[in-house]
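# Analysis of the macromolecular model
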Amino acid sequence: MYLYNIHTHKIDDASCQEYEVKSILNTYPEDFYEKRNQHPDCWFSCGVHPWNTEDSDLQLRLLEEIIVDPNVVAVGEAGLDKLRGAEMSVQIDVFRKQIELALSANKPLIIHCVKAWDELIRLYKEYEGSNIPWIIHGYRGNPQQTEQLSKVGFKFSIGEKFNPDSLKNIPLTDIFCETDESYLTICKVYENISSVFGVNKNHFAILVADNVGRVFK
């Protein structure tokens, strides 16, 4: 049985008892080829992080080449951050270009968003009907925000830190698990989340695997 880790910055070789771990390794255009050579059997996401959006023309040109790689299963992490990075107009422009690249490749978006939810929702609605999944990674918002984002159509990737009260507002068909930069194992992440839902960890792992199979073509 697989445990899927859809967003990580490092490959974790820790044992997960009876489980086999399959990870999506996050990369940036400038380090993708190096990481692909280090982990040739891995899945990858690749994107221009909102912190790195200043003077990003070269990164975007590289990304356009990289996303056709069959082992690149998502674009990102990309998005918006009001606490760090270029001014918001620049971040929106770079994010919009990555949305369009994801559309052209028919691959989902892995989204980083900090305090820019209104802007993110507006962009989602602008591209509504595009039929590519938008997955907010490292999600830890409150229940009201979660309900709003879920109704709009976002999916959620949950890691080490999350708001337990918010999980009830996430359909099990729209949830994923990740470690990001945490030292917590993906096994423990699954255990923590499944206990909040009150479901057996094996059953939860099967549900998430179904989501992965449906979203990451």
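Residues numbered from 1 in each chain as written. Predicted model: local features only at pLDDT ≥ 70, side-chain atom pairs only at ≥ 80, totals over all residues. Heavy atoms only, no water.

### A closer look at helix α7 (residues 201-215)
Taking 1.5 Å of rise per residue, the 15 residues of α7 would be expected to cover 21 Å, and the 21 Å separating its terminal C-alpha atoms lies within 8% of that figure. Of the positions making up α7, those classed as buried are K201, F204, A205, V208, N211, V212 and V215. Buried residues of α7, viewed axially, fall in a sector of 120°; they line one side. By the N-cap criterion, in which a side-chain oxygen at the helix start approaches the backbone nitrogen of a residue two or three places on, α7 is capped by N200, the distance to N202 being 2.7 Å. (Helix = DSSP H or I, 4+ residues; strand = E, 2+ residues; numbered from the N terminus. Expected span 1.5 Å × (residues − 1). Buried < 20%, exposed > 50% of the residue type's maximum accessible area, 1.4 Å probe, protein only. Arc of directions from axis to C-beta. Polar contact = N/O pair within 3.5 Å; in protein donor to acceptor, adjacent residues only side chain to side chain.)

### Re the pairing of strand β3 (residues 43-46)
Note: strand β2 (residues 20-27) against β3, 4 bridges, orientation parallel. Among the inter-strand pairings, N26 is bridged to a residue of β3, identified as S45. Remark: the β2/helix α1 (residues 32-38)/β3 crossover connection has right-handed handedness. Pairing geometry for β3 and strand β4 (residues 72-81), over 3 bridges, is parallel. (Pairing = 2+ DSSP bridges. Right-handed = clockwise from strand over helix to strand, strands pointing away.)

### Focus on the sheet that holds strand β6 (residues 134-136)
In space, the 8 strands of this open sheet follow the order β1-β2-β3-β4-β5-β6-β7-β8, with parallel pairing throughout. Where the open sheet ends on each side, the last strands, each with one partner, are β1 (2-8) and β8 (175-177). Taking each pair of neighbouring strands and ignoring which way they run, the sheet shows an average axis angle of 25°. With 2 bridges joining them, β6 and strand β7 (residues 155-158) adopt parallel strand pairing. Within the sheet, the bridge partner assigned to I135 lies in β7 and is K155. Sitting on the sheet, helix α3 (residues 88-105) touches β4, β5 (109-114) and β6, and the angle it makes with β4 is about 160°. (Axes fitted to C-alpha atoms, helices over the stretch in contact; angles between N-to-C directions. Contact = heavy atoms within 4.5 Å.)

### Details of a negative patch on the surface
A surface patch of negative charge is lined by E54, D55, D57 and E87. As for its position among the elements, D55 is in the loop between β3 and α2 (57-66). (Patch = residues over 30% accessible without salt bridge, like charges linked within 9 Å, V, L, I, M, F, W, Y side chains within 5 Å. Areas by Shrake-Rupley, 256 points an atom, 1.4 Å probe, with all protein chains shown as cover. Salt bridge = Lys/Arg side-chain N within 4 Å of Asp/Glu carboxyl O. Lys, Arg positive; Asp, Glu negative; His and termini not counted. Charge placed at Lys NZ, Arg CZ, Asp CG, Glu CD.)

### A look at the pattern of salt bridges
Side chains that differ in sign of charge can pair as their charged atoms come close. The final tally for this structure, using the stated rule, is 8 salt bridges. A salt bridge links K82 to E119, with the nearest nitrogen and oxygen atoms 2.8 Å apart. Residue K82 is located in the loop between β4 and α3, and its partner E119 is located in helix α4 (residues 117-126); the two are separated by 37 residues in the primary sequence.

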